[in-house]
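These are the residues of each chain, in order.
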Amino acid sequence: KAKFNADEIRKYKLEHAQLEANDIIDKNNRILGNEKSTLDQRLAALKSNAEQQVAIARAQNNAVQSDPSASGNTKKIARENLSKSILKIDRDTNDQSEKINEDYRKRELTAQNSILKTRVEQQAQLNEELANNEFATQDIRLKAASQFSKSQQELALSDYDLQVATTVLTDTELLAL
């Protein structure tokens with residue numbers, strides 16, 4: 001009867017640890033899935049998820065290690081599984097962290113490009129109007145036409161830079177841009 005109580009206690013501890021960790025993971029997944037979450041919030045949620053996954057893996061290992069009916073081989077396998085699980089959790093977390101950082105980098109570059117394009121387009125429009133103004137001197141009209149041309153080149157270069165910075169392109173694709 002004492003073994004039965006110890007088994008119940010082990011199962012309770014394991015289930016309790018898993019439920020607590022899964023509640024936290026669920027909350028963190030909501031943060032990760034929310035586009036309004038900041039970079040720091042997402043990275044913190046990702047780190048917390050990893051900690052909770054490690055806690056679950058440790059609880060599973062502890063359940064095996066504290067089971068007097070488990071063989072030495074079973075306990076050894078549980079320890080090895082714990083080590084492998086922690087290593088996998090670390091790798092997955094690093095991969096996800098890199099992806100989150102890269103997504104934010106691309107968002108930032110896209111926003112900066114949009115701001116630049118708006119400014120350049122406004123200046124280009126003013127220069128085009130000035131270049132076509134019959135009442136402006138020829139010198140002013142030529143300078144405005146030149147500035148308009150430069151603005152158009154700057155817009156094209158801005159799009160090119162954004163493509164190169166946010167996409168993995170082959171050499172041929174780079175040439176096509």
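Conventions we followed
- Residues numbered from 1 in each chain as written.
- Predicted model: local features only at pLDDT ≥ 70, side-chain atom pairs only at ≥ 80, totals over all residues.
- Heavy atoms only, no water.
- Helix = DSSP H or I, 4+ residues; strand = E, 2+ residues; numbered from the N terminus.
- Rg over C-alpha atoms; globule rule 2.2 N^0.38 Å.
- Buried < 20%, exposed > 50% of the residue type's maximum accessible area, 1.4 Å probe, protein only.
- Axes fitted to C-alpha atoms, helices over the stretch in contact; angles between N-to-C directions.
- Parallel < 35°, antiparallel > 145°, perpendicular 65-115°, else oblique.
- Nonpolar A, V, L, I, M, F, W, Y, C, P; charged D, E, K, R; others polar.
- Left-handed = near helix turned anticlockwise from the far one by under 90°.
- Salt bridge = Lys/Arg side-chain N within 4 Å of Asp/Glu carboxyl O.

Along the backbone of the protein chain there are 5 helices and 0 strands. Along its sequence from the N terminus, the protein chain presents helices and strands in the succession α-α-α-α-α. Taken over C-alpha atoms, the radius of gyration comes to 30 Å for the protein chain, far larger than the 16 Å a tight globule of 177 residues would show. Principal-axis analysis of the C-alpha atoms gives the protein chain an extent of 105 × 35 × 15 Å. Across the 177 residues of the protein chain, 23% fall into the buried class.

Interaxial distance between helix α2 (residues 39–65) and helix α3 (residues 72–131) falls to 9 Å at its minimum, and their mutual angle equals 175°. Between α2 and α3, the angle falls in the class roughly antiparallel. Of the residues that constitute the contact of α2 with α3, the class distribution is 13 nonpolar, 9 polar and 4 charged.

The next thing to look at is the packing of α3 against helix α4 (residues 138–166). The relative placement of two packed helices is expressed as an angle between their axes plus a distance between the axes. Two numbers describe how α3 lies on α4: the axes approach to 8 Å, and their chain directions differ by 165°. Relative to α4, the element α3 is oriented roughly antiparallel. Between α3 and α4 lies a crossing whose hand is left-handed. Across the contact of α3 with α4, the residue classes break down as 13 nonpolar, 8 polar and 9 charged.

With the rule as written, the count across this model stands at 11 salt bridges. The salt bridge involving E35 is made with R42; its shortest N-O contact spans 3.8 Å. Overall, the relative accessible area of 55% leaves E35 in the exposed class. In this structure R42 comes out as buried when scored by relative accessible area, which is 9%. What you see here is one network of salt bridges that share partners, running through D7, R10 and D67.

This part covers the environment of E129. In this fold, E129 is placed in helix α3. The class of E129 is partly exposed, set by a relative accessible area of 47%. Linking E129 and D40, residues 89 residues apart in sequence, is a C-alpha distance of 45 Å.

Just distances and angles here, no functional claims.
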